[in-house]
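Residue strings, one per chain:
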Amino acid sequence: MLAKPGITMSKLKELQAAGRPAPWEQESATTTTTTPSPAPAQPKPAATAQGPGPAPLTDKQRAVLQNVMSSQARIQAKPSPQAKCGGDFQKKVDEYQSAHNCKKSEAIGAVATEHPELHRQWLQGQQPGEPAPAAQTPGQKASEHEFMAQAKRLSAERSIPLSKAMGELSQRDPALHQRFLRDIQ
């Protein structure tokens, strides 16, 4: 209800409480005929226990619902990458980061250097659809690999930590990094 100029809200409420129309409604009633407005739509009552309840699902709705439910079950059953390698790598990264007060990327690089097998498992666990392989005995020493030689050279040239150099090198040359991980198995 809107008040018109010269009519206060309290006056308008008094008129309505007395069942009298507002002055502007009286004026329009005398000058023109108005058609009554339709009654406002009533909300449908909720289904009761005795009522019909919800409509049955169609075959298409049932198929979609089943697909969603099976997808949820697969997502919940899939172990996380951290669980695949026992969470050891992530735990070591967290410990290193808190002990050295460094960025997570630096901690990952340092722990990857110290524990290449855990790092390899962790990386493979990050790849969707590929299970993390079981631990194997290392073949080539990590310190003798071309990747490490380039990382050490980069670290010395730029005076940055080896872990940071390894991170930059793995981003710059992912194929070399993957070969390094494969070769040190």
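Thresholds applied
Every chain begins its residue count from 1, and numbering advances along the sequence as written. For this predicted model, a pLDDT threshold of at least 70 governs which residues receive local features, and a threshold of 80 or more governs which side-chain atom pairs are given and counted, while totals over whole chains, interfaces and linings are taken from all residues. Side-chain descriptors were evaluated using all non-hydrogen atoms of the structure, hydrogens and water having been removed beforehand. For helices the rule is a DSSP run of H or I covering at least 4 residues; for strands it is a run of E covering at least 2, with both sets numbered from the N terminus onward. Relative accessible area decides the class of each residue, using a 1.4 Å probe on protein chains only: under 20% of the type maximum gives buried, over 50% gives exposed, and in between gives partly exposed. Note on contacts: a residue pair qualifies if any of its non-hydrogen atoms lie within 4.5 Å across the two residues. Here the Shrake-Rupley method, with its probe set to 1.4 Å, supplies the accessible areas, and only the displayed protein chains count as covering residues. Within this scheme, the nonpolar core is defined by two criteria: the residues are buried Ala, Val, Leu, Ile, Met, Phe, Trp, Tyr or Cys, and they are joined through side-chain atoms within 4.5 Å. One speaks of a salt bridge when a side-chain nitrogen belonging to Lys or Arg is within 4 Å of a carboxyl oxygen belonging to Asp or Glu. With a 1 Å grid spanning the protein atoms alone, the term cavity applies to any set of points in which a 1.4 Å probe fits but cannot get out, the term pocket to an open set with protein on both sides within 12 Å along at least five of seven lines, and the term lining residue to any residue with an atom within 4 Å of a point. Grid points are joined across faces, edges and corners, and a volume is the space filled by probe spheres set on the points. Pairs of N or O atoms are called polar contacts if they sit within 3.5 Å, as long as, within protein, a hydrogen donor faces a hydrogen acceptor (for residues adjacent in sequence, only side-chain-to-side-chain pairs). In this analysis, the expected span of each helix is defined as 1.5 Å times one less than the number of residues it contains. Residues enter a patch when their relative accessible area is above 30% and they make no salt bridge; the linking distance is 9 Å between like charges and 5 Å between nonpolar side chains (Val, Leu, Ile, Met, Phe, Trp, Tyr). What pLDDT conveys is the predictor's confidence in a given residue, as a value from 0 to 100.

### Topic: the overall build of the protein chain
- Helix and strand counts for the protein chain stand at 10 helices and 0 strands.
- Helices and strands in the protein chain line up, N terminus first, as α-α-α-α-α-α-α-α-α-α.
- When each of the 185 residues of the protein chain is scored for burial, the buried share is 23%.
- Partitioning the intrachain contacts of the protein chain with sequence separation of at least 6 by distance along the chain shows that 41% fall at a separation of at least 24.
- Total accessible area on the protein chain stands at roughly 13400 Å², and carbon and sulfur atoms take up 55% of it.

### Section: helix 7 (residues 116-126)
- For helix 7, the tally of buried residues reaches 9 of 11 residues, placing the bulk of the element in the interior.
- Buried within helix 7 are the following residues: Pro116, Glu117, Leu118, His119, Arg120, Gln121, Trp122, Leu123 and Gly125.

### Points about the nonpolar core
- Core analysis: the biggest nonpolar cluster contains 19 residues, and Phe89, Val93, Phe147, Met148, Met166, Leu169 and Phe180 have the highest contact counts within it.
- At the level of elements, helix 5 (88-100), helix 6 (104-114), helix 7, helix 8 (146-158), helix 9 (162-172) and helix 10 (174-183) are the ones that each hand at least two residues to this core.

### Some details on the pattern of salt bridges
- Inspection of the entire model under this criterion finds 5 salt bridges.
- Between Lys104 and Asp94 there is a salt bridge; the shortest N-O distance is 4.0 Å. One end of the pair, Lys104, is in helix 6; the other, Asp94, is in helix 5, and 10 residues separate them in sequence.
- Relative accessible area serves as the criterion here: at 38%, Asp94 is assigned to the partly exposed category.

### Points about the layout of surface pockets
- Computed from the structure, the largest pocket encloses a volume of approximately 330 Å³.
- What lines the largest pocket is a set of 18 residues, and nearest its centre among them are Ser105, Met166, Gly167, Glu168 and Ser170.
- Where the lining of the largest pocket is concerned, the elements lending two or more residues are helix 6, helix 7 and helix 9.
- Top contributing element to the lining of the largest pocket by residue count: helix 9, with 7 residues.

### Examining the side chain of Ser163
- Relative to the helices and strands, Ser163 is located in helix 9.
- Looking at Ser163, its side chain comes within polar contact range of the main-chain oxygen of Glu106, at 3.2 Å.

### Let's talk about helix 8
- The end-to-end C-alpha distance of helix 8 is 18 Å, a good match for the 18 Å that 13 residues give at a rise of 1.5 Å each.
- Buried residues belonging to helix 8 abut helix 6, helix 9 and helix 10.
- Within two residues after helix 8, Ser159 carries a phi angle of roughly 55°, on the positive side.

### Topic: the side chain of His119
- Here His119 shows up in helix 7.
- Beyond its immediate stretch of four places on either side in the chain, His119 contacts Phe89, Ile108, Ala112, His177 and Leu181.

### Brief notes about a nonpolar patch on the surface
- There is a patch of nonpolar side chains on the surface, built from Leu57, Leu65 and Met69 and spanning about 290 Å² of accessible area.
- Residue position: Met69 is located in helix 3 (residues 59-77).

### A look at the confidence of the model for the protein chain
- Looking at the protein chain, the pLDDT average stands at 74 and 65% of residues meet or exceed 70.
- Across residues 132-138, where pLDDT falls below 50, the model places 15 contacts with residues more than four positions away in sequence or in other chains.

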